[in-house]
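Summary of the model geometry
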Amino acid sequence: MTAYIVRRLVQVVVTIFFALTFLFLLYFALPGDAATLLAGGDGRVPDPVTVRQVQDRYGLDDPLPTQLASYWQRLVQGDLGQSYQSGRDVTSLLLEAAPRSIRLSIWAIMIEVVVGISVGLISAVRRSSLIDRLSTAVTAMASAVPVFVLAFVLQYLFAVIPEDQGWADFFRFETSGRGDDTWLLFFIPTGNTWRYLVLPAVTLASVSAALAARTARGSMLEVLGADFMRTAKAKGLRDREVLAKHGLRNAMLPVVALIGLDFGTSIGAAVLTETAFSWGGLGFYIAESVRRRDLPVLLGFTTVVVLAYCLINLLVDICYAWFDPRVRLRAGTAK
Amino acid sequence: MSDPGLESPPYTEGEVLLSVRNLRTRFVTEGGDVPAVNGVSFAVRRGEVLSVVGESGSGKSVTAMSILGLLPPTARIEADQMLWRGESLLDAGEARIRQVRGAEIAMIFQDPLSALNPMHKVGRQIAEMILIHEPVSKKEAASRAVEMLNLVGIPQPAKRAGMYPHEFSGGMRQRAMIAMAIACSPDLLIADEPTTALDVTVQAQVLEMLLRLKDELNSALMLITHDLGVVAGISDRVMVMYAGRQVEVGTTDQVFYRTRHPYTRSLLRSLPRLDDRGTDALTPITGAPPSLLRLPSGCSFHPRCPLVKERCSKDVPDLNSGGLGHHPAACFYADEVSGDTASVVGGRS
Ligand SMILES: Nc1ncnc2c1ncn2[C@@H]1O[C@H](COP(=O)(O)OP(=O)(O)OP(=O)(O)O)[C@@H](O)[C@H]1O
Ligand code: SF4
Ligand SMILES: [Mg+2]
């Protein structure tokens, strides 16, 4: 297991290096004058003094390898430049926005895992029952509806209507912002914060949860027909022990893989969700910086997202190896 | 009371462990009911080896699974009688059936790679069997598992117990499967094609071991196979199945040397002959087994039968149709089946 983790770590470091280099080249080496963009955005006439400063700061007159090297140097030092828009340090913006995204993701993932997987498993075990048919229909719908449409529908159903109808407070949710924005143990909402959290968390979770439910159902159905399940029954185990001791872990493998693979899609969904609910996280700022052509913010935030993406994939792979001895051992012996 | 499959011919004097009368198992499917087993009767006595042979799809596995209730929920199992050491399994509660599974009747499956859980260590899978049925500690069960691996001839059993099924070779996996099956000293071992997935050399070793363990445990062995060569060497009695029915039942010598059913004879003829020197070594049976959803009228074998006569497509023969004074065969013209199959395999001597 340790050998496996070390191997994967090395791979991740290499991946991160190439991914970030590519990202840098994308922003700075593609056509269009980066200095102009950085100093004031496309289509505007920037102050020549600012352009000069920007060129010095990013060394835009230097040859590409030098630029790349200094990008890496600044990155390692944690210097991501300043926002053109607000003049604030990108790093401090990041430190403010990242926890918000992480909280939202934690809740979305919890909903995905708990609701998605249990719905999938129950449909598989109670195959062709009413529950199975219902959940199949709902999950098919949830994975087909675009995120912003879902956000709008949820906002309408759970915020606009309750307010119009004057429903009891308990059923009212908020559609924008973060309320008190107070948290216990980092992720447990306190005060009125939960009213703001529920809708974006559900929205962000929905697509992945539907996918997780479908995957869990499919893999559980497959496992239910597996030979080793019959062996377990032939040993004299109760049906529910057969399921719990022999079925679950085997059925979870594809779901773990999916959650990892799905993370890329979730980033896109997070940008849309955070924008729709003005959540103020990484996705929200990325969307904003694109709109305002705030290149330092865009570069800084996407860099962090790429890092997070690689690290989370690493984590998923380690979980996967822990789940499945075949992966672990293959990696251990293939040296 | 005529139930030849059940009553005769007694080969050993041992206690009747399992007796099944008129077992009918069908599967409810969208295309209609599939009668996978249709009126099968047999008994297994302590100490004996009963082989069940027949082409693929003849209902051998379904017969075995029906006994232990291991079939999917679409299966409907009916029988006039299913007695396990005098106790009716049909009337037994779920809890009692679970006791029987593993501890009294244990199964060995065909493909040990898929029949073992890929996520659990081999030792743990064997220990689990012991923990289900005996009041022992986990530690004791684990050390018994190692003993079991040793008993089935796996080298370095303690180390092997900590490994996963995919780290074992095919033969070792089947040995591990056998170790699991015998862990609670069952009275009856049902082995469903235990050697089909193995190399020929390993096949012989595994069969050898099954026989030895059967004797050591003083139990019985029900061996399901489509390999008549295997049957000849080790079984006391043979039951031949075709399309969900028994077509011939007898001692190994009777079935091999005084064959009374055309289907059995075709099966025997399709075997490579020991005395042939390479000339037309194999005579495959012509035609394919019928679809269970559309069984031929009368004798199910009639479209493929070399002896077919008019009556065969009208009446259904049963095990009594072969006539009295011989071992049971479901054929109206059993007397015309020649016994020139004796040279096929060196049966037990
Ligand atoms: N779950 C099921 N649903 C429908 N039909 C089934 C099911 N299981 C088995 N059958 C049918 O029952 C018949 C007998 O199957 P069985 O597995 O007993 O054959 P077998 O004699 O063991 O053959 P093999 O040598 O291939 O193992 C087959 O025709 C098969 O199609
Ligand atoms: S009854 Fe007729 S068709 Fe059936 S096996 Fe005998 S001879 Fe052949
Ligand atoms: Mg079979």
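Residue numbers here run from 1 along each chain, matching the order of that chain's written sequence. The naming scheme follows written order: chains are lettered A onward, ligands numbered 1 onward. Totals for whole chains, interfaces and linings use all residues, but because this is a predicted model, local features are given only for residues with pLDDT of at least 70 and pairs of side-chain atoms are given and counted only at 80 or more. Side-chain figures throughout are based on the complete set of non-hydrogen atoms in the structure, without hydrogens or water.

Turning our eyes to something else, we now look at the pairing of strand S3 (residues 49-53) of chain B. Residues and elements named next belong to chain B. Each residue is placed in one exposure class: buried if its accessible area under a 1.4 Å probe, protein chains only, is under 20% of its type's maximum, exposed if it is over 50%, and partly exposed if it falls in between. Strands are runs of DSSP state E lasting at least 2 residues, helices are runs of H or I lasting at least 4, and numbering of each runs from the N terminus. Of all five residues in S3, five are buried, a share of seventy percent or more. Burial along S3 is two-sided: the face carrying Val49, Ser51 and Val53 and the face carrying Leu50 and Val52 are both buried. Should DSSP find at least two bridges between two strands, the strands are taken to pair. Examined bridge by bridge, S3 and strand S9 (residues 220-225) share five bridges and lie parallel to one another. What sits directly across from Val52, in S9, is Ile224. Where S3 lies against strand S10 (residues 237-242), four bridges are found, and the strand directions are parallel. Of the residues in S10, the one forming a bridge with Val53 is Val240.

A few words now on helix H7 (residues 147-165) of chain A. Residues and elements named next belong to chain A. With 19 residues, H7 should reach 27 Å at 1.5 Å per residue; the first-to-last C-alpha distance of 26 Å fits that figure. Here H7 has its buried residues at Val147, Leu150, Ala151, Leu154, Gln155, Ala159 and Pro162. Residues of H7 that are buried make contact with helix H8 (193-224) and helix H11 (263-276). Gly166, located one to two residues past H7, shows a positive phi value of around 60 degrees. One less than the number of residues in a helix, times 1.5 Å, gives the span that helix is expected to have. The contact rule is simple, with two residues in contact once any of their heavy atoms fall within 4.5 Å.

A separate point is the confidence of the model for chain A. Residues of chain A with pLDDT of at least 70 account for 91%, and the chain-wide mean is 84. The secondary-structure element of chain A with the lowest mean pLDDT is helix H2 (residues 34-40) of chain A, recorded at 62, while helix H9 (residues 227-234) of chain A shows the highest, at 96. What pLDDT conveys is the predictor's confidence in a given residue, as a value from 0 to 100.

The next thing to look at is the site of ligand 1. All names here are of chain B. Nearness is judged by heavy atoms alone; a residue qualifies as near a molecule or strand once a single heavy atom is within 4 Å of it. Every one of the 15 residues lining ligand 1 counts as a neighbour, but Ser56, Gly57, Lys60, Ser61 and Val62 are closest to it. Take Gly57: an N or O atom from its main chain is 2.8 Å from an oxygen atom of ligand 1. At a separation of 3.2 Å, an oxygen atom of ligand 1 approaches a polar backbone atom of Ser58. When ligand 1 sits alone it has 640 Å² of accessible area, and the protein chains cover 67% of it. Mapped onto the shell around ligand 1, the elements with two or more residues apiece are strand S1 (16-29) and helix H2 (60-68). Considering each element in turn, the shell around ligand 1 owes the most residues, three residues, to H2. Grouping the constituent residues of the shell around ligand 1 by class yields five nonpolar, seven polar and three charged. N or O atoms closer than or at 3.5 Å make up a polar contact, with two conditions inside protein: a donor-capable atom paired with an acceptor-capable one, and, for residues adjacent in sequence, both atoms drawn from side chains. All accessibility values rest on the Shrake-Rupley procedure with a 1.4 Å probe; residue burial counts only the protein chains present in the view. Residue type decides the class: Asp, Glu, Lys and Arg count as charged, Ala, Val, Leu, Ile, Met, Phe, Trp, Tyr, Cys and Pro as nonpolar, and the leftover types, Gly among them, as polar.

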